[in-house]
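Coordinate inspection notes
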Amino acid sequence: MLESIGGRPLDRRTFLMLGAAGAGALMLRAPPAGAAERVRTSARIVIAGAGAAGLATASRLAERLDGAKITLIDARKEHYYQPGFTLVGAGVKPASYVVSTTAEYVPGGVELIEERVAEFDPEGKRVVTESGRAVAYDYLVVATGLKLDYEAIPGMDVARIGRNGLGSIYHSPAAASATWGALQEFADKGGVGVFCRPATEMKCAGAPLKYTFITDDHLRRRGNRGKAELIYNANNKVLFSVPIVHEKVRMLFRDRGIKTHYDRVLQAIDPGRRIATFRSPEGTVEQPYDFINVIPPMRAPDAVRNSALRWQEGPWAAEGWMDVEKGNLRHKRFPEVFGVGDIAGVPKGKTAASVKWQVPVAVDHLVADIAGRKSDAVYNGYTSCPLITRLGRAMLVEFDYENNLVPSFPGVVAPLEELWVSWVMKTMALKPTYVSMLRGRA
Ligand SMILES: Cc1cc2nc3c(=O)[nH]c(=O)nc-3n(C[C@H](O)[C@H](O)[C@H](O)COP(=O)(O)OP(=O)(O)OC[C@H]3O[C@@H](n4cnc5c(N)ncnc54)[C@H](O)[C@@H]3O)c2cc1C
């Protein structure tokens, strides 16, 4: 599929060079795993959530500790490679590309309890599962990811994704695949395509932009761009939080005739009449559509949001994100608790790329506590977004807490250029690196 869409053959030499470069850069730049040191302990460590961050944490702890009782808690049996959802929604990969099982990544010696955590009790140093089972801990790592709050959009019905122009690539692999079906119908006929992002914090803030570019490209490939109007609705005054990236995307949208509204947030949808209602500074705006990619508000899962672990004040209190130190992911009031991945209330992140950088830091601090020493590992807010700008091209945007661009390949991969090599990284090199991360090797 890649070959027919990317438009350039991938010879073996280039493939090897990219694989080595992609994996190599990600590994070289990762904080040290401390593989030589194995600490003997009988500590009880609970990890809530066995997605990207939970599994990566379990793998690293299992490697560094000898004798610890490590327990992962998660009811979800499937593992989703979520960075691939965009590719499924673009028709580049099948849904099977993003689905595997949780069990295959659980390291030896780690117990998996197949339930959800219903209650966090940090004062009592225990969690309680949905069946009422209490699990006591000495250390807790919260890695529950986030909740896609589709219910906060009146009229939204996830069962209708894929029908009547209603798309949503975030919901699940099946929804991403159904959205691809709806996008194809739209690309064949044209009409009004509507795109948006929520006003809350969100995972992969580049994904709404990518999908707008992808839709534009599919229309062009079918010769139907002239029959379509594409409208992107930004939740605030920018298209991307890093100013230079905002400016670049703004220019690309302008060049491709993608209309942009600022300060517009989806409030309700009528999938039968195909009308999306937006909140705007001018009041409520009804926007008819032929195709829409709905991205819901995102919040902490209820068990975290209703616990003492969340931020106590400010915008992140209502959304329920965990109140952790941004440099080491340690909870500010419960020092034996860490929060990694999307659940962490830190200024940047909510990508798998951030997980890859956060987990080794949090693990190093946890292991140092057990060993009775101090860790100086620091997470600088690194995150990355392979921003697809058309099929066969992407900009590999990497940045930190300060909005500095921090390219992994300075002089080789320019962050703000639409490059085929960045597209190949997104479509071929990132999944193997992600799987290595789950296994604690990247
Ligand atoms: C469409 C899309 C595109 C993306 N593109 C990219 C990209 O290009 N690059 C990139 O780096 N990242 C991308 N991401 C983001 C990336 O996938 C996430 O940031 C990453 O998966 C976060 O890992 P996590 O472990 O925090 O959450 P997840 O991987 O979502 O795992 C959370 C786990 O916690 C479990 N859980 C939830 N509640 C509870 C509970 N109460 N008790 C126990 N377990 C619980 C869930 O079942 C789940 O298994 C994308 C995501 C999406 C949806």
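Residues numbered from 1 in each chain as written. Predicted model: local features only at pLDDT ≥ 70, side-chain atom pairs only at ≥ 80, totals over all residues. Heavy atoms only, no water.

**Quick notes on the overall build of the protein chain**
To keep it simple, the criterion reads: The secondary structure listing takes helices from DSSP runs of H or I that are at least 4 residues long and strands from runs of E that are at least 2 residues long, numbered from the N terminus. Between the two quantities, the radius of gyration covers C-alpha atoms and the globule rule is 2.2 Å times the number of residues to the power 0.38. The buried label goes to any residue with under 20% of its type's maximum accessible area, the exposed label to any with over 50%, and the partly exposed label to all in between, with areas taken from a 1.4 Å probe on protein chains only. Contacts are assigned to residue pairs that have any heavy atoms within 4.5 Å of one another. Here the open area of atoms and residues is found with the Shrake-Rupley method and a 1.4 Å probe, where only the protein chains shown may cover a residue. The charged-residue count follows a simple rule in which Lys and Arg add positive charge and Asp and Glu add negative charge, with His and chain termini not counted at all. Think of each charge as sitting on NZ of Lys, CZ of Arg, CG of Asp or CD of Glu.
For the protein chain, the helix and strand inventory stands at eleven helices and 24 strands. By the compact-globule yardstick of 22 Å for 442 residues, the protein chain fits well, its C-alpha radius of gyration being 22 Å. Once the C-alpha set of the protein chain is aligned to its principal axes, its extents read approximately 65 × 50 × 35 Å. In the protein chain, which comprises 442 residues, the share counted as buried stands at 59%. Nonlocal contacts in the protein chain, meaning residues at least 24 apart in sequence, comprise 66% of its contacts between residues at least 6 apart. A total accessible area of about 17,400 Å² is found for the protein chain, and carbon and sulfur atoms account for 51% of it. Charge-centre separation for the protein chain: the mean point of 57 positive side chains lies 4 Å from the mean point of 47 negative side chains.

**So, the layout of surface pockets**
How we decide: Think of a 1 Å grid over just the protein atoms. A cavity is a set of points where a 1.4 Å probe fits yet cannot get out, a pocket is an open set with protein on both sides within 12 Å along at least five of seven lines, and lining residues have an atom within 4 Å of a point. Grid points are joined across faces, edges and corners, and a volume is the space filled by probe spheres set on the points. Only Asp, Glu, Lys and Arg are considered charged in this grouping, and only Ala, Val, Leu, Ile, Met, Phe, Trp, Tyr, Cys and Pro are considered nonpolar; every other residue, Gly among them, is considered polar.
Each pocket or cavity is described by its volume, and for the second largest pocket that value is around 500 Å³. Forming the boundary of the second largest pocket are 25 residues, of which Arg197, Glu201, Met202, Ala205 and Ser241 lie nearest the centre. Top contributing element to the lining of the second largest pocket by residue count: strand S23 (residues 383-390), with three residues. When the residues that make up the lining of the second largest pocket are grouped by side-chain class, the tally is twelve nonpolar, nine polar and four charged.

**A look at the packing of helix H3 (residues 52-64) against helix H10 (residues 352-371)**
Selection criterion: Axis angles are defined between N-to-C directions and span 0 to 180 degrees, where every axis is a line fitted to C-alpha atoms and, for a helix, only to the segment in contact. Under this scheme an angle from 65 to 115 degrees is roughly perpendicular, one under 35 degrees roughly parallel, and one over 145 degrees roughly antiparallel; angles in between are oblique. With the far helix as reference, a near helix turned anticlockwise by less than a right angle produces a left-handed crossing, and one turned clockwise produces a right-handed crossing.
Contact pair H3 / H10: the axes reach a minimum separation of 9 Å and the direction vectors enclose 40°. With respect to H10, the axis of H3 lies oblique. As for how H3 packs across H10, the hand of that crossing is right-handed. Note on element contacts: H10 touches H3 through Val355, Val359, Pro360, Val363, Asp364, Leu366 and Val367, opposite Ala52, Ala53, Ala56, Thr57, Arg60, Leu61 and Arg64. Residues that form the contact of H3 with H10 fall into these classes: ten nonpolar, one polar and three charged.

**Section: the packing of aromatic side chains**
To describe a pair of aromatic rings, you give the distance between the ring centres and the angle between the ring planes. Applied cut-off: Whether two aromatic rings pair depends on their centres lying within 6.5 Å, for rings of Phe, Tyr and Trp, where Trp uses its six-membered ring; planes under 30 degrees apart make the pair stacked, over 60 edge-to-face, and the rest tilted.
Taken as a whole and assessed by the stated rule, the structure comprises twelve aromatic pairs. Aromatic side chains Phe240 and Phe399 sit 5.6 Å apart centroid to centroid with 80° between the ring planes, which places their arrangement in the edge-to-face category. Taken as a pair, Phe240 in the loop between strand S15 (228-233) and helix H7 (243-255) and Phe399 in strand S24 (residues 393-399) lie far apart in primary sequence, 159 residues in all. For Phe240, a relative accessible area of 7% corresponds to the buried category. Classification of Phe399 as buried rests on a relative accessible area of 5%. Residues Trp311 and Trp316 carry aromatic rings whose centres are separated by 5.4 Å and whose planes lie at 75° to one another, so their mutual orientation is edge-to-face. Here Trp311 falls in the partly exposed class, since its relative accessible area comes to 22%. For Trp316, a relative accessible area of 16% translates into the label buried. Ring pairing ties together the aromatic residues Phe186, Phe195, Tyr211 and Phe291, which thus form one cluster.

**A word on helix H6 (residues 207-221)**
Side chains three or four residues apart in an α-helix point the same way, a direct result of the helix having 3.6 residues per turn. What counts, and what does not: In a helix, the anticipated span is given by 1.5 Å times the number of residues less one.
Spanning 15 residues, H6 covers 21 Å between terminal C-alpha atoms, matching the ideal 21 Å at 1.5 Å per step. Of all 15 residues making up H6, 13 are buried, and the element is well covered by its neighbours. The positive-phi residue at the C-terminal boundary of H6 is Gly223, with phi of around 75°.

**Re the sheet that holds strand S10 (residues 134-136)**
Keep this limit in mind: For two strands to be treated as a pair, DSSP must find no fewer than two bridges joining them.
Taken together, the three strands give an open sheet; going across it, the order is S8-S9-S10, and neighbouring strands pair in antiparallel fashion. Of all the strands in the sheet, the pair left with one neighbour each is strand S8 (117-121) and S10. Taken over all neighbouring pairs, the strand axes of this sheet differ in orientation by 20° on average, direction set aside. Inspection of the sheet shows S8 paired to strand S9 (residues 126-129) by four bridges, in the antiparallel sense. Bridging across to S9, Phe120 finds its partner in Val127.

**A short note on the confidence of the model for the protein chain**
Spelled out, the test is: Scored from 0 to 100, pLDDT reflects the predictor's confidence in each residue.
Of all residues in the protein chain, 92% attain a pLDDT of 70 or more, and the chain-wide mean is 93. In this model residues 1-17 is a low-confidence stretch, pLDDT under 50, and it forms 27 contacts with partners more than four residues away in sequence or in other chains. The low-confidence segment residues 19-34 (pLDDT under 50) makes 26 contacts with residues lying over four places distant or belonging to another chain.

**Concerning the sheet that holds strand S17 (residues 265-270)**
Each strand in a sheet pairs with its neighbour through backbone hydrogen bonds, running either in the same direction (parallel) or in the opposite one (antiparallel). Pairing is antiparallel across the open sheet formed by three strands, whose spatial order is S17-S18-S19. At either end of the open sheet lies a strand with only one pairing partner, and these are S17 and strand S19 (283-288). The sheet shows a mean angle of 25° between the axes of neighbouring strands, direction not considered.

**What about the environment of Ala414?**
Considering the arrangement of structural elements, one finds Ala414 in the loop between S24 and helix H11 (420-438). The spatial distance from the C-alpha of Ala414 to the C-alpha of Met395 is 7.8 Å, given a sequence separation of 19 residues.

**Some details on unusual backbone geometry**
Look at Asp263: it is not a glycine, yet its phi comes out positive at around 60°. Here Asp263 lies in the loop between strand S16 (258-261) and S17. The phi angle at Lys350 is positive, at roughly 60°, despite the residue not being glycine. Note on placement: Lys350 falls in the loop between strand S22 (337-339) and H10.

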